[in-house]
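# Chain and residue survey
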Amino acid sequence: MRRLSFIILIGFMVVSCKKEATFVEDHFFVANDGSSMPVYVRGNLDSDVIILFLHGGPGGNASQASFLPAFQDLENSYALAYWDQRASGLSQGNPDESTFTVEQFVEDTDYVIQALNKKFPNKKIFMFGHSWGGALGSAYLSTGNYQEKIQGFICMNSGHNLEEGLPLSVDWVESYANEQLALDPNDYWTEVSTWCATNPDMTVADNYFKYVSYLRETDAYRHENQEVNTGEIGAGDILNSRMSLAALINGQYLGQHFNILKLNLSDDMENITIPSLVLWGINDGVNVLEMGHDAYNSLGTDLAQKELVLLNNSAHEGYLEEPEHFLSSIRSFVEDYK
Amino acid sequence: MKYQQKIKFLLSLVSILVSTISIAQDESQTDRSKLAIKAGYFGEFVMHPGFYSGIDYNLLDKSWLDLHWDTDLGAYFHKWNNNSVFVQSSFGARFCTSFSMYTDLQIGIGYMLSTPSGELYQVDKDGNLTEKGKPVTSHAKPTVSLLFGWDGNRKKDIPLTIGFGLEAYWQMGYNHIALPHAALKAGITYQLKTKKS
């Protein structure tokens, strides 16, 4: 009887010692052509899935994304790799301006993926690009055989075709200005509406910067300027190197000197055949909804393996505006194709 | 500038610092030398620690004001970010008050070398990813410091000065911008004695 009790006890202990998910928190740099770029990996590595996040900009950063509640929630299911691109975020060095090209960023992306494979062998890597990051992901996956290294592509409100997308965004700003004028006529929105109506050449940098100054006065980024939970960055995070002042001011130079105004990857995206999820906030004034349909239609992926998910209460930042819909869409996609 | 050239340049600056000490010691013919040596903590908060050491050469010594020229050599360590070494030279005005207390305002220029802190994969000449070596970036380092402290030389025959305060500096040539920093500086200065003539 004592022996039986002992066996039952051992059996109970084995069952109750269910393996806890491995929450990894790791960090490394990838140095290439004058830039040392940090990659911060956090999340559930037991899933065997790493989602490489390609941040927006150019000149944004991935470091801050690691503090957003939706991203932290996603870390419970998968490991996320937050990479700050060259001359952005917490990347270091002083890369030559001649390296500010799409080709160079694609090359950097491949080295980051090589490093992830070296450090975490046999994991399935998904690519998740937002805004400029969506364009970078599209450029990467449509180059050579690079897509063979990636399990699936999540393309969110991407700027993959600014050549056609920017004039549409100018039209969006004009509509917004006219709505404001209907509510309360004033000089500022009159100026905006008049300027947009001239159909400015959006491949000219000065026009682009003027447009951006107008765009920031609209709700192009966040639908109806709704309140969202952006998470908290505590003093401890700054002291402990997860965040630094550099991430907030770095990228300014790149943003001014990396000209992607003529970027049009729509034709190239036909080369992308891996499973893809196009995720789009329908109220986005930056990369308007037409470009979401363009991304979906341009992808060469079989219809059965690509999906367009629309976030009806979101503009450019769906992960903040509709985090639950954002999370369920990504989880469903990754589970289907991991 | 290649890594070895950068190291040579830094060593040259250190040589100048050492030479300055020798010259200053030769020139001083009084009991109280114009020269002092110093060391202390230099770091961005507590989690990014570092240190400095150097010399403080007195240019003018009045009852209410000291003018001094300093040269420091230091380093700091910022986990998951960068490790840096620097050499810098600054001109300072130390305003002395009662009870031997002082306020010291300094302005200077330095040179620093920084390298990423932590694991690193580097692309070699053949385009392969390797874990060997780390890139080093050189930066100019303009500085402004505001220090507060106590000067034992003033009313008591104690050859020590204790001070603390903040140093603002800019890491120039960082992704084409001048990245601002703020560092805590706290240290002690020892006034050298010289041979009587």
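The shown structure was predicted, so the numbers you read here are calculated from the model rather than taken from an experiment.

The rules we used
Residues numbered from 1 in each chain as written. Chains lettered and ligands numbered in written order. Predicted model: local features only at pLDDT ≥ 70, side-chain atom pairs only at ≥ 80, totals over all residues. Heavy atoms only, no water. Helix = DSSP H or I, 4+ residues; strand = E, 2+ residues; numbered from the N terminus. Rg over C-alpha atoms; globule rule 2.2 N^0.38 Å. Buried < 20%, exposed > 50% of the residue type's maximum accessible area, 1.4 Å probe, protein only. Areas by Shrake-Rupley, 256 points an atom, 1.4 Å probe, with all protein chains shown as cover. Lys, Arg positive; Asp, Glu negative; His and termini not counted. Charge placed at Lys NZ, Arg CZ, Asp CG, Glu CD. Core = buried A, V, L, I, M, F, W, Y, C linked by side-chain atoms within 4.5 Å. Domains from an automatic or database assignment. Contact = heavy atoms within 4.5 Å. Pairing = 2+ DSSP bridges. Axes fitted to C-alpha atoms, helices over the stretch in contact; angles between N-to-C directions. Buried area = accessible area lost by both parts, 1.4 Å probe. Polar contact = N/O pair within 3.5 Å; in protein donor to acceptor, adjacent residues only side chain to side chain. Salt bridge = Lys/Arg side-chain N within 4 Å of Asp/Glu carboxyl O. Phe/Tyr/Trp six-rings, centres within 6.5 Å; stacked < 30°, edge-to-face > 60°.

### A few points about the overall build of chain A
- In terms of helices and strands, chain A carries 13 helices and nine strands.
- Taken over C-alpha atoms, the radius of gyration comes to 22 Å for chain A, in line with the 20 Å a tight globule of 338 residues would show.
- Along the first, second and third principal axes, the C-alpha set of chain A runs to 90 × 45 × 45 Å.
- Put simply, chain A has 338 residues, and 56% of those count as buried.
- Of the roughly 14600 Å² of accessible surface on chain A, 49% is carried by carbon and sulfur atoms.
- Across chain A, the mean location of the 19 positive side-chain charges is 17 Å away from that of the 46 negative side-chain charges.

### Re the nonpolar core
Residue and element names in this part refer to chain A.
- Judged by nonpolar contacts, the single largest core of 72 residues is most densely connected at L52 and L116.
- Built from parts of two domains, this core gets at least three residues from each of domain 1 (5-161 + 229-337) and domain 2 (165-215).
- Beyond its immediate sequence surroundings of up to four residues, L116 is in contact with F28, V39, V41, I50, L52, A81, P121 and I125.
- By size, the runner-up hydrophobic cluster in this structure holds 29 residues, among which are V49, L277, Y319 and I330.

### Considering the sheet that holds strand β3 (residues 65-78) of chain B
Residues and elements named next belong to chain B.
- Strands sit in the order β1-β2-β3-β4-β5-β8-β9-β10 around a closed barrel of eight strands; the barrel is antiparallel. When strand polarity is set aside, the average angle formed by the axes of neighbouring strands in this sheet is 25°.
- Where strand β5 (residues 101-116) meets strand β8 (residues 137-151), 14 bridges bridge the pair, whose relative direction is antiparallel. Within β8, the position partnered with L113 by the bridge is S138.

### Digging into the interface of chain A and chain B
- At the interface, 35 residues of chain A touch 27 residues of chain B.
- Across the chain A/chain B interface, buried area totals approximately 2900 Å², and carbon plus sulfur atoms make up 57% of it.
- At the junction of chain A and chain B, the tally comes to 17 residue pairs in polar contact (both at pLDDT 80 or more).
- The biggest single contributor to the side of chain A that touches chain B is strand β1 (residues 23-32) of chain A, with eight residues.
- Across three bridges, the pairing between β1(A) and strand β6 (residues 120-123) of chain B is parallel. Among the inter-strand pairings, A:F29 is bridged to a residue of β6(B), identified as B:L120.

### Considering the pattern of salt bridges
Residues and elements named next belong to chain B.
- According to the stated counting rule, one finds 18 salt bridges over all chains in the structure shown.
- Close ionic contact of D72 with K185 constitutes a salt bridge, the shortest N to O distance being 3.3 Å. With a gap of 113 residues between them, D72 in strand β3 and K185 in strand β10 (residues 177-193) connect regions that are remote in the sequence.
- Residue classification places K185 among the buried residues on the basis of a relative accessible area of 3%.
- Taking the shortest distance from any N to any O, the salt bridge between E167 and K185 comes out at 3.1 Å. Taken as a pair, E167 in strand β9 (residues 160-174) and K185 in strand β10 lie far apart in primary sequence, 18 residues in all. The exposure classification of E167 matches that of K185, with both residues buried.

### Section: the packing of aromatic side chains
- For the structure shown, the criterion picks out 30 aromatic pairs over all chains.
- Centre to centre, the rings of A:F128 and A:F326 are 5.8 Å apart; their planes meet at 45°, and the pair counts as tilted. In this pair, A:F128 is assigned in strand β6 (residues 124-130) and A:F326 in helix α13 (residues 323-337), connecting sequence segments 198 residues apart.
- Arranged with centres 5.9 Å apart and planes meeting at 40°, the rings of B:F42 and B:Y169 form a pair that is tilted. A residue pair is termed long-range when its members are at least 10 positions apart, and B:F42 in strand β1 (residues 32-43) and B:Y169 in strand β9 qualify at 127 residues. An identical accessibility class is assigned to B:F42 and B:Y169; each is buried.
- Of the aromatic side chains, those joined through ring pairs into one cluster are A:Y40, A:F53, A:F71, A:Y82, A:F128, A:Y319, A:F326 and B:W80.

### Section: the environment of A:S142
Residue and element names in this part refer to chain A.
- Looking at the element boundaries, S142 is found in the loop between α4 (132-141) and β7 (152-156).
- Along the primary structure S142 and M269 are separated by 127 residues, whereas in three dimensions their C-alpha atoms are 5.7 Å apart.
- If we skip the residues at most four places from it in the chain, S142 touches D268, M269, N271 and I272.
- Among the polar contacts listed, one links the side chain of S142 to the backbone oxygen of S138, at a separation of 2.7 Å.
- Here A139 takes part through its backbone oxygen, which lies 3.3 Å from a polar atom of the side chain of S142.

### Some points on the environment of A:G56
All names here are of chain A.
- Within the secondary structure, G56 sits in the loop between β3 (49-54) and α2 (69-75).
- Looking at G56, the relative accessible area reads 13%, which means it is buried.
- Distance in space between the C-alpha atoms of G56 and A235 is 25 Å, their sequence separation being 179 residues.
- Each residue touching G56, except ones within four places of it in the same chain, is listed here: H130, S131, W132 and G133.

### Side note on the pairing of strand β8 (residues 276-281) of chain A
- With six of its six residues buried, β8(A) lies for the most part within the structure.
- What you see with β8(A) is no split at all: A:S276, A:V278 and A:W280 on one side and A:L277, A:L279 and A:G281 on the other are buried throughout.

### Brief notes about unusual backbone geometry
All names here are of chain A.
- Residue G57 is joined to P58 through a cis peptide bond whose omega torsion reads 0°.
- Mapped onto the elements of the fold, P58 is located in the loop between β3 and α2.
- With a phi angle near 45°, D33 is a residue other than glycine that sits in the positive phi range.
- Positionally, D33 belongs in the loop between β1 and β2 (35-44).
- Phi at N199 is positive, roughly 50°, even though this residue is not glycine.
- Tracing the chain through its elements places N199 in the loop between α6 (187-197) and α7 (205-215).

### Considering the domain arrangement of chain A
Residue and element names in this part refer to chain A.
- Here chain A is described as being made up of domain 1 (5-161 + 229-337) and domain 2 (165-215).
- The centre of domain 1, based on its C-alpha atoms, is set 31 Å off from the matching centre of domain 2.
- Contacts between the two partners involve 12 residues from domain 1 and, on the opposite side, 13 residues from domain 2.
- Viewed at the interface, domain 2 and domain 1 are joined by zero salt bridges.
- Of all the elements in the fold, those that place two or more residues in the side of domain 1 that touches domain 2 are α10 (252-257) and α11 (289-298).

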